Structure formats: C-alpha cells, structure tokens
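Here are the chains, one letter per residue:
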Amino acid sequence: MATCVPAGIGTLRGRVSDCNIQRRRRTGSVSDMPFKRYLQNEFSWSKGVSQVLKVQRCEFSVPQLYRKRKLFKVVSACKKDGSTKHFDFAVIGSGIAGLRYALDVAKYGTVAVITKAESHECNTNYAQGGVSAVLCPSDSVESHMKDTIVAGAYLCDEETVRVVCTEGPDRVRELIAMGASFDHGEDGNLHLAREGGHSHHRVVHAADMTGKEIERALLKAIVNNPNIFVFEHHFAIDLLTCQDGSDITCFGVDTLNTETLEVVRFLSKVTLLASGGAGHIYPKTTNPLVATGDGIAIAHRAQAVISNMEFVQFHPTALADEGLPIKPTEPRENAFLISEAVRGDGGILYNLGMERFMPLYDGRAELAPRDVVARSIDDQLKKRDEKYVLLDISHKPEDEILSHFPNIASMCLQYGLDITRHPIPVVPAAHYMCGGIRAGLHGETNIQGLYVAGEVACTGLHGANRLASNSLLEALVFAQRAVLPSVDQMKSSSLDLTASNLWPRPVVPLSLGNDVRGKILSMTSELRKEVQSIMWNYVGIVRSTMRLETAEQKIVEAEAKWEEYLTQHGWKPTMVGPDICEMRNLFCCAKIVVSSALSRHESRGLHYTIDFPDLEESERLPTIIMPSSLVHSTWSSRQLHKQPLCQ
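Here the residue index of a chain counts from 1 through its sequence in written order. Where local features are concerned, this predicted model is filtered to residues with pLDDT of at least 70; where side-chain atom pairs are given and counted, the filter is 80 or more; whole-chain, interface and lining totals use all residues. Excluded from the side-chain calculation are hydrogens and water; included are all heavy atoms of the structure.

A. Highlighting the sheet that holds strand 15 (residues 312-319). In this description, strands pair whenever DSSP reports at least two bridges between them. Think of it this way: any DSSP run of H or I at least four residues long counts as a helix, any run of E at least two long counts as a strand, and we number them from the N terminus. In spatial order, the strands read 15-18-17-16; together these 4 strands make up an open sheet with antiparallel pairing. Here the strands that pair on one side only, and so sit at the sheet edges, are strand 15 and strand 16 (348-350). Neighbour-to-neighbour, the strand axes of the sheet open up by a mean angle of 45 degrees, direction not taken into account. Where strand 17 (residues 389-392) and strand 18 (residues 424-433) come together, 3 bridges link them in antiparallel fashion. Within the sheet, the bridge partner assigned to V389 lies in strand 18 and is V426. To obtain each axis, a line is fitted to C-alpha atoms, and for helices this fit is confined to the stretch in contact; angles are then taken between N-to-C directions over 0 to 180 degrees.

This is the structure we're talking about:
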C-alpha cells in the first residue's frame, strides 16, 4: 500500500495502492473572512507549481499505452508508415480546449487532433449555460474573482483566478470573431444571463445550447485549416514518455482505432491533454459516454501530479426520468442536464409536497452555489424518501421560457411535459471534476512536453467547487496560455523521428477468439456497473470515513477480481481493447477520488463528510497525488511497458 502524506501533518496513513497524497500548506483564513484578506494569501499555486512539481517528483520507471484514426484530411508528409504518425503537436480531445489550442499552434506546425468518438462528442457539446466573462460596465474583474473564490470555498489560487477573470473577456470576443453566435438583447448588446453564485449578469450564452454553438464554430475553423488533421475514433491508451533521472519527457501517445482495431502511434514534439472529465465513474452523470477519465488516468500512469480529485461536482438539476409523464423506453447513456440558467432565470425548487425548501438551507435560495443546492436536494430526498424534486419555471411568460430554454423545453415535451405549465422533475447527477492533472499558469505539467487544458486539468481556478459557467472560460484561457510555451518546446524538441521503436507496441487480442472475448466483455460490463454503484452509494454528495473506506476496499477487491478473470482467460497486460482500456481508466480514477476524499479531514465545497462537518483552516490545502513506486501497483496505475531512458 502506498502512503498518503498530508504535508505539514505528522501522521502517515496507509491508502490506495497507486498514489501518494500530499497536501501543500497555504496561508490565510476561512470562508467568513474578509475577501481582501484572502487576497493577501502568500502562497501562489501558479507561481510555485513548476518548483513544486519538480521538487516533489518521485523517481521510478514507467510504462505506456495506445489508439487510432479517421481522417478529416489526407495525411501524406505526416506519416512514416501506416501505424506511426509524426506531428509537431498532438492534441488529445476535441472539446473547446483542444480545438482552440489546435487552431493557434497550427500557425507553427502540423497538428493531430485525436478524439475518442466523433469530433463533436465531448463535454463542450453538452454545455448548456454559457461562458462567464466580465462584459458589462457595471461588472468588474474583482467581482468575478470574489464570486469564483467564494464558490470555491477559498481553496482557489488567487493568481489563477485573476488571470482567468482578466483574460476571459478577450477570449470570448475571439470566439465571436471566429463566428460563434451568442444571444443578444433588444438593445443589440450581448444578452448576459445570471447563474447561481454570480453577483452579476455575466454569462454569455446561445439559448441553452451554448456548448453546441461553440463546438460548431471551432470545428468549422478546424476543417478549414490545412495544418490540422483530425483522427476520430482513436482511443488514447498511454502516453509515450522517456526518463532522464527524475525528469520525464512526453513524446506522443499510443492509440487504438476503435473502428479497425489497429494500434496507431502518434509521435509528437508537444502533447496537449484536453480529454475532459471522469463523470462515468458514477452511474448518473450529465457527461457523454466518452468521459471515463482517460486523460487523468494516462497522465497518472505517466507520473504526472494529480490534484483535488475529491471535489466532484454534482449538478443539482438533471432530468429525473422517474417523474416524467412518459418514461423513456431505455435507460439514458447520460443524464439530461437542466441548466443552471433555469434557476438563474427565476426557477424555484419544490419537494413533492410543493414546499419551497431552498430558503431553509441558504439565504441565496435557488441562487446558492451548486454544492449547496445539490446537498439540499439530497437532504430533502433522504428525509422524505422521494426520488426527485421539482424545478418550476412555469410562472415566467411562455415566450420567454421557450426563447431562453428551447432545448430543455423540446426534450421535456418528448416525454409529455410542458415546462411552460408544469414543473420539471430533477435529481442531482455527477457533472464536473474540479480536480485533475496539476497545471501551472501556462498549462504546463511536471512532465516536459505535456500540457493540459480544460476539465482534465487542475489549474487552481475552481478550488473546492466550480462557479457556474467558469469551465468553458477556463478552457479558453488556458488553451491560449499554453500556446507560446508549446511552440518554444516544439522548436527545441530533440524528438528523433526514428524513435518509434523505442516503445514496444501493445497488442489487439484477436487470437483469443470471439467466445473468450465475449466473456471478458460481459464480465467487464458487470464490473463497470458495480464500480459505478460503489461510487454513487459510498462516494457521493454526502460522505463518511467509514463509507469511503468501504468504497476503497470494494474497489480494490473488484479490480483484483477483474484482473484475475482476464488473466485466467488469456488476457496479457500488453493487450488492449476499447472496453478493457476504458475500465482500466475508470478503476484508476475511482481509486484516486476515494483516496483523495479520505485524506481531507474537513467539509469544504463539494467534499462533505459527516465525520468532519466543519471547515478547518489547517485543512485549506490542495490535495496532491504524487506518483508512487510501481512495486505494488495494479494494472490500472502502471503503463503497459517500461519506458526507455532519454538519449
């Protein structure tokens, strides 16, 4: 077992088998202190991140994994052979962060955009609310900062927050210049919505389909760019890394083409991970099926530092199918999101007795931050033994509802519910990972040549709870900030284009036969549901030490059972398949979330535990998951083969 070490605390605790947890001390006071006093905080996550990541880096050897392609453009000069591609930049993920970055670095070299499904299938595409930015004269950067830090339970990094809130408006204007169409008011100015936790109207949106509109504009620009090549249906297996002492450098990624089952290797001078979150470690999530924590897992296996994974944001209002007049004929792959903007626009929450309950929990009522609203709904459901609550917007004018929320109205109407006349049944669902791969102010990681942006990254912006509509903003800002250091890295890279054979290739197990593969897939599917159920029941909105320890043990047992079953049926550690690789990543991320939650002895933001119900100033520290020795690690936490030494 590895050791979880809260920095500055004398005791050591045995924890999950594949990570060391450390906490970096910060100065300052807790949530009821004056805001200006918080801003005097001496510790800067972003200033110190490079030094922290280097100083605390562990030494060990590392293995890797792989994935493949469907081209938007014909690759000619970029390929050495059919199974190895060479690019200046590799971008893993086709959401707002990956596409925005690709468009900028394409000015300096060739770019491979590697995406797990179709290009549009990403969390960005499902984002309804919008992008928060200071675009109104009555608003201010300081106000946006304060809202962000208060929502983040004072665990945010001040410098990161200032950078994002300051640079955000320009990033939004760039989107508009690229052709993204946002809603305007009758005065011709951008219509700015207000969402929970915001003190001003500052959310730019395209009705309730903002992410879809942004994705449309970016993909159009991508298709028209001759330097960008899109590889769809390519599952990222592992990063390709070399080690020089304690220094690790990334030289690309191995992928699996899920349509042809061909392993394809991408060698690149710079790699950006922008692969989104890990919502599918839970059974109820607003995330698309692709969000299985692949980026976090492959980075962890490559020895990247991970942070704040205990802070899983549960969106308080996902559509509750049980309360619809016409039930869906099949279970949803992901929960349908009822946007934060519905509450921001005046929506009121009731229990099934039609009692408004939010004022009982928080003076901000329905406009309280998401963690407060989700816990309040959870409490109502448990106290009243009910399956869902009701969100009512029907008191607003019909034309206003339909113009602001056409997508939500249309979806509900498919199931016999008219939201202009009746309340919407809602229930919390896993929504967003506030933790991820620890990044500096330019998206840099402790691995040279590896940058991160979007939900996969932990920049310090969100702290213990993300403020509504700050996620798309963060993705835009950090995608842009990573460009210049990436270009410098590309120009100075020592990547040898003949280096492809440094790493053994993984194997697609066609030799096992259909019957054996069918049994393995069936067992994996069952275990996936089991792990998701464990996470929902024991690592959900309200936690306890006993339940977290139970989850830890159950996940360890499930993984051991899975690995034993695979071994008995001839599966070798070097073999890869889409479902198996995905399950491997789910195990990895689930264990990291549980071990992170166990290390935090307080309730802050999204992490609420009945054993430590109060905020503790001594605990106001980011959780740091250091790479650990691989001696006792499991398959989910180590790469498929030993990495070579840098020449």
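B. Structural detail: the pattern of salt bridges. Between Lys or Arg on one side and Asp or Glu on the other, a salt bridge is scored when a side-chain nitrogen of the former is within 4 Å of a carboxyl oxygen of the latter. For the coordinates displayed, the defined rule picks out 35 salt bridges. The partner of R265 in a salt bridge is D254, with the nearest N and O atoms 2.7 Å apart. Taken together, the residues span a long stretch of sequence, with R265 in strand 13 (residues 262-273) and D254 in strand 12 (residues 247-257) at a distance of 11 residues. Only protein chains enter the area calculation, which uses a 1.4 Å probe; residues under 20% of their type maximum are buried, those over 50% are exposed, and those in between are partly exposed. Classification of D254 as buried rests on a relative accessible area of 0%.

C. Representation of unusual backbone geometry. Positive phi outside glycine occurs at A153, with the angle close to 55 degrees. Its place among the elements puts A153 in the loop between helix 5 (141-151) and helix 6 (158-177). We classify A153 as buried; its relative accessible area is 11%. Of note, the phi angle at M354 is positive, near 60 degrees, even though the residue is not glycine. Of note, M354 is situated in the loop between strand 16 and helix 10 (358-361). Under the relative-accessibility criterion, M354 is labelled partly exposed at 45%.

D. Local environment of the pairing of strand 17. With burial as the criterion, each face of strand 17 is covered, one bearing V389 and L391 and the other bearing L390 and D392. By the bridge criterion, 3 bridges tie strand 16 to strand 17 in an arrangement that is antiparallel. Residue pairing in the sheet places I348 in a bridge with D392 of strand 17.

E. Layout of the sheet that holds strand 9 (residues 203-204). Read from one edge to the other, the open sheet built from 3 strands follows the order 7-9-8, with strand pairing classed as antiparallel. The open sheet has two free edges, formed respectively by strand 7 (131-132) and strand 8 (192-193), since each of these has just one partner strand. Direction of pairing for strand 7 relative to strand 9: antiparallel, over a ladder of 2 bridges. Opposite V131, over in strand 9, you have V204 as the bridge partner.

F. Here's a closer look at the pairing of strand 18. Of all 10 residues making up strand 18, 10 are buried, and the element is well covered by its neighbours. Bridge count between strand 15 and strand 18: 6 bridges; the pairing is antiparallel. In the sheet register, Q313 faces strand 18, and the bridge partner there is Y432.

G. Representation of the packing of aromatic side chains within the structure. Between 30 and 60 degrees the pair is tilted, below 30 it is stacked and above 60 it is edge-to-face, where a pair is any two Phe, Tyr or Trp rings, Trp via its six-membered ring, whose centres lie within 6.5 Å. Inspection of every chain in the model, using the stated rule, returns 10 aromatic pairs. Note on F357 and Y361: the rings are 6.3 Å apart at their centroids and 90 degrees apart in plane angle, and the pair reads as edge-to-face. For F357, a relative accessible area of 1% corresponds to the buried category. On the accessibility criterion, Y361 (30% relative accessible area) is partly exposed. Should the NZ of a Lys or the CZ of an Arg lie within 6 Å of a ring centre and within 35 degrees of the ring normal, that charge is described as sitting over the ring. Between R466 and the ring centre of Y432, over which it is positioned, the NZ or CZ distance is 4.3 Å.

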